[in-house]
Amino acid sequence: MLKSKKVFIIGLPRTATTSVCLATLKMGFTTAHTAYTRSAFEQAQVLADTPIFADYAELDILYPDAKFVYLTRELKDWIPSIRQLLLRMFTNLMREDGGFNPILKRCYKRVFSPLTLENIHDDNFLALCYARHLAQVKAHFSNRAEALLVIDVAEPQSYRSLYDFLAPPRALDVNDGFERINMAGKVTAWKQIKHPLKVESTQGGKVETLHY
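Calculation rules
- Residues numbered from 1 in each chain as written.
- Predicted model: local features only at pLDDT ≥ 70, side-chain atom pairs only at ≥ 80, totals over all residues.
- Heavy atoms only, no water.
- Helix = DSSP H or I, 4+ residues; strand = E, 2+ residues; numbered from the N terminus.
- Buried < 20%, exposed > 50% of the residue type's maximum accessible area, 1.4 Å probe, protein only.
- Contact = heavy atoms within 4.5 Å.
- Areas by Shrake-Rupley, 256 points an atom, 1.4 Å probe, with all protein chains shown as cover.
- Lys, Arg positive; Asp, Glu negative; His and termini not counted.
- Charge placed at Lys NZ, Arg CZ, Asp CG, Glu CD.
- Arc of directions from axis to C-beta.
- Polar contact = N/O pair within 3.5 Å; in protein donor to acceptor, adjacent residues only side chain to side chain.
- Core = buried A, V, L, I, M, F, W, Y, C linked by side-chain atoms within 4.5 Å.

Undergrad: Explain the overall build of the protein here, please?
TA: What the protein contains, in helices and strands, is 9 helices and 5 strands. Sequence-ordered secondary structure for the protein, helices as α and strands as β, is β-α-β-α-β-α-β-α-α-α-α-β-α-α. Dimensions along the principal axes, computed over C-alpha positions, put the protein at roughly 45 × 40 × 40 Å. Taking all 212 residues of the protein together, 53% fall into the buried category. When contacts within the protein are restricted to residue pairs at least 6 apart in sequence, those whose partners lie at least 24 apart make up 72%. For the protein, the exposed surface amounts to about 10400 Å²; the carbon and sulfur share of it is 52%. Side chains of the protein carry 27 positive and 22 negative charges; the gap between the two charge centres is 4 Å.

Next comes the structure, spelled out in structure tokens:
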């Protein structure tokens, strides 16, 4: 099972990971937007967000035939969106007596380091986090360009690029494009999606130590 082909959506939060996950559901892939159990990893063909954006290098070793999709977004749009999210999450990310699960905390603190309120309010810090993550991804895949697709869902050809890259089991009109969800600060749209191919983040039980 560990050697089965996977698709990892490794763009940072607020780069349209939910829209892409909705698209992969429609393409016929079992999809998990966040995965915190081994069962979720085993059942999902496509995985995104936490812990994927932080752990892509480890996952690349574990799943050597996987494909990776990096989502970009204009900084002028991404910075206020990620700031709003981080401010909303900050207390539960930093709590030592509870809050978010330890996998989620680790990933955000790893990518947005050092995570402080002052830094969250600093455009330059957020831009640096974005640039650093993108540079690390490009360096990691520098000799394996065929394993990585980089798209901005706002670009007209991005849906077709994803469709061609994944070669999905279900034929669709490539002119349909991505459905824009989780707009205007919303972050819970995935919870409302009902689909037989949707894989829950805690599929098979509670949050656990993952297999890598």
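Alright, that's what it looks like, and here's the rest.
Undergrad: So what exactly am I meant to see when it comes to helix α8 (residues 158-166) here?
TA: The set of residues buried in α8 consists of S158, Y159, L162, Y163, F165 and L166. Buried residues along α8 cover an arc of 165° about the axis, so they all sit on one side. Buried residues in α8 make contact with β1 (7-9), α1 (17-27), β4 (67-71) and β5 (148-151). Just downstream of α8, A167 is the residue with a positive phi angle, here 45°.

Undergrad: Is there a simple way to think about helix α5 (residues 102-111) in this case?
TA: Given 3.6 residues per helical turn, the α-helix brings residues three or four places apart onto the same face. Within α5, burial applies to I103, L104, K105, C107, Y108 and V111. Buried residues in α5 make contact with α3 (52-62), α4 (75-94) and α7 (123-140). For α5, the side-chain oxygen to backbone nitrogen distance between the N-cap and I103 is 2.9 Å, and the N-cap itself is N101.

Undergrad: Could you clarify how one ought to interpret the nonpolar core in this entry?
TA: In summary, soluble globular proteins display a tendency toward joint burial of nonpolar side chains. The biggest cluster of nonpolar side chains holds 47 residues, and the ones touching the most others in it are F8, I10, F41, Y108 and F112. The set of elements that each furnish at least two residues to this core consists of α2 (38-43), α3, β4, α4, α5 and α7. With 8 residues, α4 is the largest single contributor of residues to this core. Among residues more than four places away in sequence, those in contact with F41 are K6, F8, A35, L47, P51, I52, L59, Y63, L210, H211 and Y212. The next biggest cluster of nonpolar side chains, apart from the first, holds 26 residues, and it includes V20, A23, L71 and I193.

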